[in-house]
Amino acid sequence: MENPPSRREPQMPHLRASDSNREQVAAMLADALSTGQLSHDEYSERLDSLYQAKTVGELEILTHDLQVDRRRPAASPVSFSADASSEPENVVAIFGGADRKGRWRVRRRTRALALFGGMRFDLTDAEFEAKEVEITITAIFGGAEIIVPEGVEVRCHGVGVFGGFDVNGSPDVDPSAPVVVVKGLALFGGVGGKIRHRRER
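The shown structure was predicted, so the numbers you read here are calculated from the model rather than taken from an experiment. Throughout, a residue's number is its position along its own chain's written sequence, starting from 1. Reporting in this predicted model follows two pLDDT cut-offs: at least 70 for local features of residues, and 80 or more for side-chain atom pairs to be given and counted; totals over whole chains, interfaces and linings ignore these cut-offs and use all residues. Think of the side-chain values as coming from all heavy atoms in the structure, minus any hydrogens and water.

J.: What's the story with the overall build of the protein in this structure? I'm lost.
T.: Strands are runs of DSSP state E lasting at least 2 residues, helices are runs of H or I lasting at least 4, and numbering of each runs from the N terminus. Looking only at helices and strands, the protein features 3 helices and 14 strands. Summary of the burial criterion: residues with accessible area below 20% of their type's maximum are buried, those above 50% are exposed, and those between are partly exposed, where the area comes from a 1.4 Å probe applied to protein chains only. Taking all 201 residues of the protein together, 43% fall into the buried category. Note on contacts: a residue pair qualifies if any of its non-hydrogen atoms lie within 4.5 Å across the two residues. Considering only contacts in the protein between residues 6 or more positions apart, those separated by 24 or more positions represent 71%. Surface accessibility in these figures is a Shrake-Rupley result with a 1.4 Å probe; residues are shielded only by whichever protein chains are displayed. Surface accessibility of the protein: about 10,400 Å² in total, with carbon and sulfur atoms responsible for 48%.

J.: Where do I start with the side chain of threonine 124 in this structure?
T.: Inspection of the secondary structure puts threonine 124 in the loop between strand S6 (118-122) and strand S7 (127-128). Taking the relative accessible area as the measure of exposure, threonine 124 reaches 5% and is therefore buried. Within 3.5 Å is the distance limit for a polar contact, defined as a pair of N or O atoms, with the added protein rule that one can donate a hydrogen and the other accept it, and that residues adjacent in sequence qualify only through two side-chain atoms. Engagement of the side chain of threonine 124 in a polar contact is seen with the side chain of aspartate 122, the distance being 2.6 Å.

J.: Before we go on, may I ask you to explain helix H3 (residues 56-63) in this structure?
T.: Three- or four-residue spacings in an α-helix give side chains the same orientation, since the helix completes a turn every 3.6 residues. Among the residues making up H3, those that are buried are Gly57, Leu59, Ile61, Leu62 and Thr63. Those residues of H3 that are buried lie in contact with helix H1 (19-34) and helix H2 (40-50).

J.: Whenever I open this one, the sheet that holds S6 confuses me. Can you help?
T.: Neighbouring strands of a sheet are bound in pairs by backbone hydrogen bonds; such pairs are parallel or else antiparallel. Strand order in the open sheet formed by 5 strands is S3-S6-S9-S14-S12, with parallel pairing between adjacent strands. Among the strands making up the open sheet, the edge pair consists of strand S3 (97-100) and strand S12 (164-166). Recorded for the sheet is a direction-independent mean angle of 15 degrees between the axes of neighbouring strands. We call two strands paired when DSSP finds no fewer than two bridges between them. Here the axes come from fitting lines to C-alpha atoms, over the contacting stretch only for helices, and the angles between their N-to-C directions go from 0 to 180 degrees.

J.: What's the story with the pairing of S6 in this structure? I'm lost.
T.: Consecutive residues of a regular strand have side chains that alternate between opposite faces of the sheet. The sheet contact formed by S3 and S6 spans 4 bridges and is parallel. Note that in S6 the partner of alanine 98 across the bridge is methionine 119. Strand direction decides the pairing type here: S6 and strand S9 (residues 143-149), joined by 5 bridges, are parallel. Opposite glycine 118, over in S9, you have glycine 143 as the bridge partner.

See below:
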């Protein structure tokens, strides 16, 4: 790290860090990146340390040397659970439906099949296992919808054959938010997505 933050004794260093603590620090780091206080390499290093931190004291170190508003609410649209299992999840909807919503865990890799059926992935309140997750969808005479929170970057690499495959993310990407890579095939079917803005929640 080119400009490591200096250490100080935080007010309550022994307390376990919560998801909201991490989200608030992630937002402060994003602000520091946007104002030029951190380089991209420094930001990446501190973000990696952020999701490994266990206590409030460890989080405090990451922002001690930054000029940021420490009273602001957490702005990150998502939360992470980096210590979770990395086993892929398989989601199947054959002549039926499948729905993932609420406080569910988005694995690093998810494989989904919609055959004469439909499915929906609502990522609004989900926990992400990694900074980048991959969802591979095969929709044959079926469909799938992906709902992403505001600020999340989506990279769509799917193909539509006699169908459509188009999932868009937020035009204003939050650097602290994850990247959702969507791959797959829509054959006589459709895969689409939309953004859920904070005011809609």
